[in-house]
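Structural overview for review
Residues per chain, in single letters:
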Amino acid sequence: MDFANRVLDIIRAVPPGQVVTYGQVAALAGYPHRARQVGQALRNCAQDVPWHRVLGAGGSVRVDPPQKQLELLNGEGVLTQTGRISLKKYQWLPGPLNFL
DNA sequence: CCGATGACTCACG
DNA sequence: CCGTGAGCCATCG
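Right, let's walk through the structure included here. It should be emphasised that the depicted structure is a prediction, and the values quoted were computed from it without experimental measurement. (Residues numbered from 1 in each chain as written. Chains lettered and ligands numbered in written order. Predicted model: local features only at pLDDT ≥ 70, side-chain atom pairs only at ≥ 80, totals over all residues. Heavy atoms only, no water.)

A word on the pattern of salt bridges. Opposite charge on two side chains allows them to pair when their charged atoms are near. The full count for this structure, using the stated rule, is three salt bridges. As a salt-bridge pair, Arg 12 and Asp 9 come within 3.3 Å of each other at their nearest N and O atoms. One end of the pair, Arg 12, and the other, Asp 9, are both in helix α1 (residues 3–12), three residues apart, so they sit about a helical turn from each other. Taking the relative accessible area as the measure of exposure, Asp 9 reaches 27% and is therefore partly exposed. Here the salt bridges share partners, and the residues they tie into one network are Asp 9, Arg 12 and Asp 48. (Salt bridge = Lys/Arg side-chain N within 4 Å of Asp/Glu carboxyl O. Helix = DSSP H or I, 4+ residues; strand = E, 2+ residues; numbered from the N terminus. Buried < 20%, exposed > 50% of the residue type's maximum accessible area, 1.4 Å probe, protein only.)

See below:
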């Protein structure tokens with residue numbers, strides 16, 4: 001399993017109404033320095049991966065234009081006030097039993 | 001091999 | 001809050 005696929009699997013595990021950051025996903029995949037590669041993996045992701053739940057550090061949307069992603073998030077109950085999203089409220093904290 | 005690029009991040013002014 | 005610059009690293013021409 002290469003880095004890209006591990007990233008996609010992790011993102012597939014993010015529940016609706018919650019979000020993760022590029023850096024966080026990279027770290028969970030085992031490569032803390034590869035937030036950029038997470039972005040690249042999402043560039044050609046399959047349709048079953050909830051790419052909209054992935055945000056930049058601090059809860060910012062890095063996709064341009066951002067409106068599509070913001071809509072999807074809103075549809076899941078993630079409020080997007082001032083273009084920023086509160087990681088405090090919505091960031092996904094992986095439980096101990098997720099991956100082995 | 002080299003240089004440019006980019007859905008990143010952090011530190012500084 | 002915004003711009004800059006520096007690390008970072010796979011991918012592409």
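From this point, the narrative continues.
Bringing the nonpolar core into the picture now. Val 7, Ile 11, Val 25, Val 38 and Leu 42 are the most contacted members of the largest nonpolar core, which has 17 residues in total. Where this core is concerned, the elements lending two or more residues are α1, α2 (22–28) and α3 (35–43). Of the residues forming this core, the biggest block, five residues, is contributed by α1. Every residue in contact with Leu 42, bar those within four places of it in the chain, is listed here: Leu 8, Ile 11, Tyr 22, Val 49, Trp 51 and Val 54. Among the nonpolar cores identified, the runner-up in size contains nine residues, and Leu 55, Val 78, Ile 85 and Leu 87 belong to it. (Core = buried A, V, L, I, M, F, W, Y, C linked by side-chain atoms within 4.5 Å. Contact = heavy atoms within 4.5 Å.)

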